[in-house]
2 protein chains.
Amino acid sequence: MNFKKNTAKNVLFLIVFMFLVSCKTTSQSTSNKEVAIQGAHPKLILTKEGVNNIRKHLGNVPIFDRSLATTKAEVDAEIELGIFVPVPQDFSGGYTHERHKSNFLLMQKAGVLYQILNDEKYATYVKDMLFAYAKLYPTLPVHPQTRSYARGKLFWQCLNDSNWLVYTAQAYDCIYDWLSKEERDVLENDLFIPFAKFISEGNPQFFNRVHNHSTWGNVAVGMIALVMDNDELLENALNGLKTDNLTADMKDNDGGFIKIEGQRLGFFGNLDEPFSPDGYYNEGPYYQRYAMYPFLIFAQAMHNVKPELKIFEYKDGVLLKAVNALINLTDADGEFFPLNDGQKGMSYYTAALVSAVDIAYHYGGNNPELLSIAKKQDQVVLDDTGLSIAIGIKEGLEKNFTKKSINLSDGRNGDEGGVGILRNESLELVFKYASQGSSHGHYDKLSFSLYENGNEIIQDYGLSRFVNIEQKGGGNYLKENKTWAKQTIAHNTLSVNEENHFKGEFEIGSQHHSDLYFYDDKNPNIKIVSATEVNAYPGTEMLRTFAIIKDEEFEKPFIVDLFKVKSATKNQYDLPYFYLGQIITANFDYKSFSQLESLGTKNGYQHLWKEGLGNPSSENSVFSWINNNLFYSLTTTSNTSDELILARIGAHDPDYNLRREPSLIIRRKNAQNTTFATVIESHGSYSPITELALNAYSNIEKLKIILDTDTYTAVQITTVNKKTKVLIISNKDNSKEKNHTITIDNKEYNWKGSYYYN
Amino acid sequence: MNFKKNTAKNVLFLIVFMFLVSCKTTSQSTSNKEVAIQGAHPKLILTKEGVNNIRKHLGNVPIFDRSLATTKAEVDAEIELGIFVPVPQDFSGGYTHERHKSNFLLMQKAGVLYQILNDEKYATYVKDMLFAYAKLYPTLPVHPQTRSYARGKLFWQCLNDSNWLVYTAQAYDCIYDWLSKEERDVLENDLFIPFAKFISEGNPQFFNRVHNHSTWGNVAVGMIALVMDNDELLENALNGLKTDNLTADMKDNDGGFIKIEGQRLGFFGNLDEPFSPDGYYNEGPYYQRYAMYPFLIFAQAMHNVKPELKIFEYKDGVLLKAVNALINLTDADGEFFPLNDGQKGMSYYTAALVSAVDIAYHYGGNNPELLSIAKKQDQVVLDDTGLSIAIGIKEGLEKNFTKKSINLSDGRNGDEGGVGILRNESLELVFKYASQGSSHGHYDKLSFSLYENGNEIIQDYGLSRFVNIEQKGGGNYLKENKTWAKQTIAHNTLSVNEENHFKGEFEIGSQHHSDLYFYDDKNPNIKIVSATEVNAYPGTEMLRTFAIIKDEEFEKPFIVDLFKVKSATKNQYDLPYFYLGQIITANFDYKSFSQLESLGTKNGYQHLWKEGLGNPSSENSVFSWINNNLFYSLTTTSNTSDELILARIGAHDPDYNLRREPSLIIRRKNAQNTTFATVIESHGSYSPITELALNAYSNIEKLKIILDTDTYTAVQITTVNKKTKVLIISNKDNSKEKNHTITIDNKEYNWKGSYYYN
């Protein structure tokens, strides 16, 4: 890379700029030449040109003006309170942790306020705080809390130290020119350079790795390198450390591998590896949301300082695609689907997504649909990108962001399974057939969750953690995350012989992924996705197909779930549905226990209370519940020897770390090849105000598997009005062009492609 | 009463009116003289003058115009579908039930539309439907469903038949003049008179009683009597049947007594007996809401037809006070506190409250605060009262309805206990020390519930019923309503020796009530209420005091709960807190069971799972939970021999009729005289978006009972900042004027009145 060329350009730019701009900033620095030689700051996220443009628009761009006012009020209040840089001591949730976290956020904001408002009190606040850190930092040992595989100095883990530097680098950039050379030297020598070296060379197990933690580390070092024009640090940030002494058997706190031979490292490595070409991040949306900020903020910085690297075009524009993928991975309320370790409630209202949306709009061709998201967020970043959004909204350019059905591939080359989201009217079905998802992955191949109007109907449990709530294990992952949340039985997918997928072994799971069989959203009335998993249980092949079908015989779109299993041996199959809500009725008899025991002793089964146990009383088992004043019915084909288990989470959970939520588990014992055919309907409504119950019954009189061979599976749905509908899946040939003809019960079916419905 | 005088007045009015009004209505009746003799219709709810006034304003009163448009659209759609008058067959929730229910609502609306829009298609619709009923009704036996103590003909209970007649009488009134005499004769002789006689003379156990059911019956007969000018029926409606052959031991389906000697009967009896002078209705707000409609609609009709009776001034204006009480019995979202049998979610958005608010505004002096409720309801009744509201809103007269702390007496003379609601900032505490509450009463003397921002924090369970959801016991009361919801242990109050208050016997409970000790809301920072109960457990006296205190040492107002018990014997005391949310932490050790059993075998205990059992580890037991992203802490003074039980509802509930919600139960064994002192704090917040946990800990370092004698109970609260606060209750003297002086730990306290706080 040619840094000199860039510096020269900056100098030229600065000279031109100084003619054009009347800069009111009074600098403490006595040497303007010095500034020119260093390159004009700010240059990282804010630029001199951008700041000028912002100042011109102030008072005339409502959402930007409001965001500025909010930020100003917040920082002004903190300036009143004074500066606190305590000796590090606590886990997340504790005082010192939260104080240092506030500090970096405040410095970044104060830096921006200094630039935009041209008021030195903000520069002084940043400077004073930085000098307090420059005084403290050299005295610090590693953090006293010992839980992390990579302990930081300000925080209990290097990850949080990196967060600090990503934000603080921006603050430093904003006041860089205002500081004297001597001041900068103190800060760089006592604070920034040792800080950057500690989280990189000092912690290669953290820094030299493909992981969201490492992304933060790389970006932290990269950001401060760009501000300081430090080529060595920048090279490490972009491409990783040349040597690291890491060994292949090392693991992090979550059990994830640290070193994988042959992986590209540094920022580029972290950009290559976890993102699929569709922009899906392998750990899932909760961590993608977390990772997006360093990826995008550094991309913005690189775009400003190293435009020749065309970072936003890298890997066919994957960073901008990732923003689109992430928005599509939210429910109707903008909350992320909690795939893998995901905390429920996190949504595109988080600051990282404000920044992501602003950047994607500004650098991604001004997609007017993003403006509607920004309008809901009701805040913008205080830089060029936020200004673009504010102007766009002011000019009324926004269009509604319509989330359609979408299939997102997983894996760096897009060939390691994926996530399919089927949408129709108020319903959203999320089907996960992805790769392991790194250390945050769950053992839940072919699992799904179902949403209506943003409410969970059949839930994915998410993580077991109360992020930053100190009383709950310091706000960190709880042991129930491993013993429950990651386990196969905690998910809406098949558990065979009460064992986990891949025996719950990360090493095995990481070698495999499910495979897309077909995905088709062409027909507006039928969205369908199908995937296979052949490695989770060696010797057992699974093919699961979900369709969401809009049919005039039904009030709303309904879900068909076909789970075909083929095995070399006889097994016990458990297929849970973690419905949320209260049971209205079930058509099968069950024993309700007056003494509760857990369903098993390990693999997550120890956390389930066995509340009831029944057997199908007919060929179909029908189970109805009410959730959020809407009725739901699940109709499934049954063998008379099946068991129907009414279970509830919460056994062996002394600290109440788990939510006491229910599950219906279909258990088929001593079975080899079998198919579970299930239809889930949303129907009717209840109002506690009018006390009217509308359409409170299932519309299905009978559900029948009318053919089930190696090549085809066909189900027939008969409605209460005696209308019949047939769905046929081609099990062996997923070609969209292939013509099929089969006869079932003397009726001939002809179609082209992987499925038939009529 | 002199009906003749009134009829004469009506005739005079009609003559004057016919000069003033140009009536476009074409009547099928050939004899205008006939109309004049009958009295001019409409006269019941709509009046000719009122209709004229409405027509004048149409198009110029937005909320009225919208309500009219909504009603018109609904009725027009139903007219398109045609008329269905099926042979009665089903329980509530079933087709025939819901159809007949729709029919009466539609007829009432169509009648109004005919009057306001002057379009005969609506009159024809009402007429055709009425004739269908007139044809069906004489053929009907009693309803085939046998569950009710008073089976109807159209519906399974006379109650619903009465609903039908209350609405249908209004429809008939609207088209009365438009029908011919011959048509009216058919309707009256084949339908209305036999209908009214069946629900009165035919069912004295339903009609001749003080009960919300009977109110509907009385009003139904009264309404049709007013339309038809039938003095005999009106007399029965107002004062009850002269003879009824009822005996003192008869009970209804809910176990309520049917006959109580000496009670006044009929509408006046039902108005006298259940309403306290403050407008509190003894069954609780859910049934008050249900009862308000017949009370008020009949009052409106009486006001129109018999203005000389001054019905709105009856018993010092109790009907209008009742509307005010009812609005005050709602949480911040307008949902009624579910005292006794109350279905959660029912709110002042229900149609009965639209009507109540409109009537209270129109006849109650145009209180501008009611306009703000009407504005939220966003609909009005299509009559004079709705027009008043619409004009008021249009003129911008509304003021915010500020719900303050309020104490509502119970009992016809206001001397049978009551309900105190303490409010401060976002918190509302509901303290119930009322009388039994008729057959819908629960055995829960001195119980309470706590709300924040309209969310339940410590819940009252409410009823066990899925109203109108047919799959759940026909939508009727479930057996768990008796075995759980009414039981003492299901409530946040004291259970002694695992027995119910009054042994759970309605006969005993009905003879007693708790008594107010004192209520004081004068101090804006301290709202306090205290009550005694000495009959629930003979030989045991209970004094419970709640205060909600705003103190600068605390982030938000906090609750003090002092429960003093004095007994002739040693007992086991169980004091539950049905918190909602997830446990964050507890400062005591407890055993968490790996096998669950119910807490007991009867009196509701059989429905509680015993999940955990612990003992206090210090003088204070502290228990924190999170609900709706706010933190709560309960700190209670403990004896080391106390047991702390973590329980959950749901044992012995095979049909999942109960919600699986938790409780913390403080159990004190082998105790005689004792005091439970508890502080409940709401503090801090959590955001799953910023992932910040703020103020997540209790502010209390120590809670101590520093004095507890027959005459005084004093507690001292020490905050984490070492500030101390003392609350003292005078246990023997509730005079507001009495001066007290006591010395505790060498400190002298002087104050005037029933409590001290500083």
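A quick note: this is a predicted structure, and the numbers were derived from the prediction, not measured.

Cut-offs applied
Residues numbered from 1 in each chain as written. Chains lettered and ligands numbered in written order. Predicted model: local features only at pLDDT ≥ 70, side-chain atom pairs only at ≥ 80, totals over all residues. Heavy atoms only, no water. Buried < 20%, exposed > 50% of the residue type's maximum accessible area, 1.4 Å probe, protein only. Helix = DSSP H or I, 4+ residues; strand = E, 2+ residues; numbered from the N terminus. Pairing = 2+ DSSP bridges. Axes fitted to C-alpha atoms, helices over the stretch in contact; angles between N-to-C directions. Least-squares fit on C-alpha atoms with pLDDT ≥ 70 in both. Contact = heavy atoms within 4.5 Å. Core = buried A, V, L, I, M, F, W, Y, C linked by side-chain atoms within 4.5 Å. Buried area = accessible area lost by both parts, 1.4 Å probe. Salt bridge = Lys/Arg side-chain N within 4 Å of Asp/Glu carboxyl O. Polar contact = N/O pair within 3.5 Å; in protein donor to acceptor, adjacent residues only side chain to side chain. Nonpolar A, V, L, I, M, F, W, Y, C, P; charged D, E, K, R; others polar. Left-handed = near helix turned anticlockwise from the far one by under 90°.

(A) Spotlight on the pairing of strand β16 (residues 630–637) of chain A. All names here are of chain A. Of all eight residues making up β16, eight are buried, and the element is well covered by its neighbours. Here eight bridges tie strand β15 (residues 620–627) to β16, and the two strands are oriented antiparallel to one another. Residue serine 621 lies in a different strand from β16, and its bridge partner there is threonine 636. Turn length for the β15-β16 hairpin, with the two strands adjacent in sequence and antiparallel, is two residues, and the turn residue asparagine 628 shows positive phi of about 55 degrees.

(B) Broad picture of the sheet that holds strand β5 (residues 455–458) of chain A. Residues and elements named next belong to chain A. With antiparallel pairing, the five strands of this open sheet are ordered in space as β1-β2-β3-β4-β5. Strands with a single pairing partner mark the edges of an open sheet, and in this sheet they are β1 (406–409) and β5. Put simply, the sheet's adjacent strands are angled 20 degrees from each other on average, direction ignored. Inspection of the sheet shows strand β4 (residues 447–452) paired to β5 by three bridges, in the antiparallel sense. The residue bridging glutamate 452 from the neighbouring strand is asparagine 455, located in β5.

(C) The arrangement of the relation of the copies chain B and chain A in detail. Note on the identical chains: chain B maps onto chain A by a rotation of 180 degrees and an axial translation of 0.0 Å, with an RMSD of 0.0 Å. Classification of the inter-copy transformation places it as that of a two-fold axis. Of every C-alpha in chain B, the one belonging to leucine 596 of chain B sits nearest the axis of rotation, 2.4 Å from it. Comparing contact sets, 98% of the residues at the interface of chain B also lie at the interface in chain A, consistent with an isologous, same-surface contact.

(D) Structural view of the nonpolar core. Formed by 136 residues in total, the largest nonpolar core has its most connected members in Trp164, Tyr172, Phe192 and Met223 of chain B. At 14 residues, helix α13 (residues 285–305) of chain B tops the list of elements feeding residues into this core. Those residues within four positions of methionine 223 of chain B in sequence are excluded, and the remaining contacts are Leu44, Ile45, Val166, Ala169, Gln170, Ile297, Phe298 and Ala301 of chain B. Grouped together as the second largest cluster of nonpolar side chains are 135 residues, Phe104, Ala196, Leu233 and Ala390 of chain A included.

(E) Layout of the sheet that holds strand β23 (residues 712–719) of chain A. Residue and element names in this part refer to chain A. One open sheet holds the four strands; their spatial order is β22-β23-β24-β27, and the pairing between them is antiparallel. Of all strands in the sheet, those bounded by a partner on one side alone are β22 (700–708) and β27 (755–757). The sheet shows a mean angle of 10 degrees between the axes of neighbouring strands, taken without regard to direction. With three bridges connecting them, strand β24 (residues 724–730) and β27 associate as antiparallel partners. Residue pairing across strands places isoleucine 729 opposite tyrosine 755, the latter belonging to β27.

(F) Region of interest: the environment of valine 221 of chain B. Residue and element names in this part refer to chain B. Structurally, valine 221 is set in helix α10 (residues 212–228). Separated by 372 residues in sequence, valine 221 and phenylalanine 593 have C-alpha atoms that sit 59 Å apart. If near-sequence neighbours (up to four positions away) are discounted, valine 221 is found in contact with Leu165, Ala196, Ile199, Ser200, Phe207, Leu233 and Ala237.

(G) A look at the interface of chain B and chain A. The interface of chain B with chain A comprises 54 residues on the first partner and 53 residues on the second. Interface of chain B and chain A: buried area, both sides summed, is about 4400 Å²; carbon and sulfur atoms make up 52% of it. Counting every contact that joins chain B to chain A gives zero salt bridges. On inspection of chain B and its partner chain A, the count reaches 29 residue pairs in polar contact (both at pLDDT 80 or more). Contributing elements (two or more residues each) for the side of chain B that touches chain A: α5 (95–117), α13, β12 (582–586), β13 (589–598), β14 (608–615) and β17 (643–649) of chain B. The element best represented in the side of chain B that touches chain A is β13 of chain B, accounting for eight residues. A breakdown of the residues in the side of chain B that touches chain A according to their chemical character gives 25 nonpolar, 15 polar and 14 charged. Pairing of strand β13 (residues 589–598) of chain A with β13 of chain B involves two bridges; the strand directions are antiparallel. If you follow leucine 596 of chain A over to β13 of chain B, its bridge partner there is leucine 596 of chain B.

(H) Spatial organisation of the pattern of salt bridges. All names here are of chain B. For the coordinates displayed, the defined rule picks out 76 salt bridges over all chains. Between aspartate 378 and arginine 66 there is a salt bridge whose closest N-O contact spans 2.6 Å. Taken together, the residues span a long stretch of sequence, with aspartate 378 in the loop between α16 (368–377) and α17 (384–394) and arginine 66 in helix α4 (residues 62–81) at a distance of 312 residues. For aspartate 378, a relative accessible area of 39% translates into the label partly exposed. Put simply, glutamate 619 and lysine 702 hold a salt bridge, and the shortest N to O gap is 3.8 Å. In this pair, glutamate 619 is assigned in the loop between β14 and β15 (620–627) and lysine 702 in strand β22 (residues 700–708), connecting sequence segments 83 residues apart.

(I) Geometry of the packing of helix α3 (residues 48–57) of chain B against α17 of chain B. All names here are of chain B. Two elements in contact, α3 and α17, have axes whose closest approach is 10 Å; the angle formed by their N-to-C orientations is 35 degrees. Crossing angle aside, the handedness with which α3 passes α17 is left-handed. Where α3 abuts α17, its residues Gly50, Asn53, Ile54 and His57 lie against Asp384, Leu387 and Ile391. Looking at side-chain class alone, the contact of α3 with α17 contains three nonpolar, three polar and one charged residues.

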